[in-house]
Amino acid sequence: MNAAKRREIFARLQAANPNPTTELEYDTPFQLLIAVLLSAQATDKSVNIATRKFFPNYGTPQALLDLGEEGLSDYIKTIGLYRTKAKNTIATCRILLEHHGGQVPTTREALESLPGVGRKTANVVLNTAFGQPTMAVDTHIFRVSNRTGIAPGKNVLEVEDKLVKFIPREYIQDAHHWLILHGRYICVARKPKCPQCGISDLCEFKQKTPV
């Protein structure tokens with residue numbers, strides 16, 4: 001795919017949704033970090049249902065640490081892998097308080113040193129909470145990048161590197177949200193909704209679905 005076509009794709013995505021953001025609900029960088037940590041192999045909707053119940057009273061590192069692993073588990077039982085996530089969340093709170101003054105760090109290295117925080121989670125936090133031009137590649141973005149031809153790659157890191165390299169600078173900040181929403185609602189896994197797609201004529205997917 002050439003640069004002009006990529007630029008037009010993101011121009012259209014921006015025109016359709018000028019201010020995209022995550023569908024996870026949060027009020028602070030810390031709450032975003034916890035929500036993203038809980039969202040691994042779970043839907044944003046299921047995470048929001050759980051966090052609405054405990055963020056109001058336990059929305060800080062100290063409050064969550066005081067709640068404890070068992071207390072948090074009671075709130076997140078509906079989320080997959082909840083025991084591991086509860087353990088990682090409480091451990092993360094302890095590290096934030098002991099080593100970062102209770103604040104979420106703003107570097108990838110520091111974020112990835114937290115329990116349960118991998119590259120994707122770190123990228124989401126850096127991008128959404130701190131406005132850094134990172135690209136978190138999940139299953140939706142990996143599929144859209146390969147299917148459309150925007151940034152084909154054999155693995156997540158390869159796709160991430162190509163997206164960061166190829167996406168025009170003026171679009172990189174919001175590109176993560178545009179691509180994930182496009183993959184979640186239009187360019188879906190089993191049968192992409194090509195007739196409803198605003199970039200269908202630019203997409204290089206050969207087996208487009210008919211009306």
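Here the residue numbers are simple positions, counted from 1 along each chain's written sequence. Reporting of local features is limited, given that this is a predicted model, to residues whose pLDDT is at least 70; pairs of side-chain atoms are given and counted only at 80 or more, and all residues count toward the totals for whole chains, interfaces and linings. For the side-chain quantities, the full set of heavy atoms in the structure was used; hydrogens and water were omitted.

In the nomenclature of an unreviewed UniProt entry, the chain corresponds to Endonuclease III from the organism Achromobacter piechaudii. Note on the chain: under the UniProt heading Catalytic activity (unreviewed entry), the record states "2'-deoxyribonucleotide-(2'-deoxyribose 5'-phosphate)-2'-deoxyribonucleotide-DNA = a 3'-end 2'-deoxyribonucleotide-(2,3-dehydro-2,3-deoxyribose 5'-phosphate)-DNA + a 5'-end 5'-phospho-2'-deoxyribonucleoside-DNA + H(+)". UniProt positions are given in the numbering used here, feature names are shortened, and annotations may be inferred rather than shown by experiment. In its Sequence similarities (unreviewed entry) section, the UniProt entry covering the chain states "Belongs to the Nth/MutY family."

Draft legend 1. Inspection of the overall build of the chain at higher detail. Of regular secondary structure, the chain possesses 10 helices and 0 strands. A helix here means a DSSP run of H or I that spans at least four residues, while a strand means a run of E at least two residues long, and both kinds are numbered starting from the N terminus. Ordering the α and β elements of the chain from the N terminus gives α-α-α-α-α-α-α-α-α-α. At 18 Å, the chain has a C-alpha radius of gyration in line with the 17 Å of a compact globule built from 211 residues. Dimensions of the chain along its principal axes, counting C-alpha atoms only, are 55 × 30 × 30 Å. A burial count over the chain gives 50% of its 211 residues as buried. In what follows, residue pairs with any heavy atoms lying within 4.5 Å of each other are defined as contacts. Across the chain, contacts joining residues at least 24 apart in sequence account for 58% of those joining residues at least 6 apart. Here the chain contributes 27 positively and 20 negatively charged side chains, and the mean placements of these two sets differ by 9 Å. To get the radius of gyration, use the C-alpha atoms; to get the globule rule, take the number of residues to the power 0.38 and multiply by 2.2 Å. Per-residue accessibility, obtained with a 1.4 Å probe over protein chains only, is compared with the maximum for each type, and a residue is labelled buried under 20%, exposed over 50%, and partly exposed between these values. For the purpose of counting charges, residues Lys and Arg are taken to be positive, whereas Asp and Glu are taken to be negative. His and the chain ends are not included. Charged groups are reduced to one reference atom each: NZ for lysine, CZ for arginine, CG for aspartic acid, CD for glutamic acid.

Draft legend 2. Expanded view of the UniProt feature "binding site: [4Fe-4S] cluster" (unreviewed entry) in the chain. The UniProt record annotates "binding site: [4Fe-4S] cluster" (unreviewed entry) at Cys187, Cys194, Cys197 and Cys203. Considering the C-alpha atoms alone, the annotated residues occupy 17 residues of sequence yet fold into one spot, their largest mutual distance being 10.6 Å. One can find cysteine 194 in the segment after helix H10 (169-185). Ignoring anything within four residues of it in the chain, the contact list for cysteine 194 reads Ser200, Lys208 and Thr209. Its place among the elements puts cysteine 203 in the segment after H10. For cysteine 203, a relative accessible area of 14% gives the class buried. Not counting the four nearest positions on each side in its chain, cysteine 203 is found in contact with Arg147, Thr148 and Lys208.

Draft legend 3. How the structure looks around the packing of aromatic side chains. For this analysis, a ring pair means two rings from Phe, Tyr or Trp (six-membered ring only for Trp) whose centres lie within 6.5 Å, classed as stacked if their planes differ by under 30 degrees, edge-to-face if by over 60, and tilted for the remaining angles. Throughout the structure, instances matching the rule amount to 5 aromatic pairs. When the ring of phenylalanine 10 is compared with that of tyrosine 171, the centres are 6.3 Å apart and the planes differ by 25°; the resulting orientation is stacked. Placement of the pair is phenylalanine 10 in helix H1 (residues 3-16) and tyrosine 171 in helix H10, with a sequence separation of 161 residues. Across this residue pair, the class does not change: phenylalanine 10 and tyrosine 171 are buried.

Draft legend 4. Inspection of unusual backbone geometry at higher detail. Positive phi, normally seen in glycine, also occurs at glutamine 41, with a value near 55°. Along the polypeptide, glutamine 41 turns up in the loop between helix H2 (29-38) and helix H3 (44-58). Judged by its relative accessible area of 74%, glutamine 41 is exposed. Backbone geometry places leucine 81, a non-glycine residue, at a positive phi of 55°. Of note, leucine 81 is situated in the loop between helix H4 (61-76) and helix H5 (82-99).

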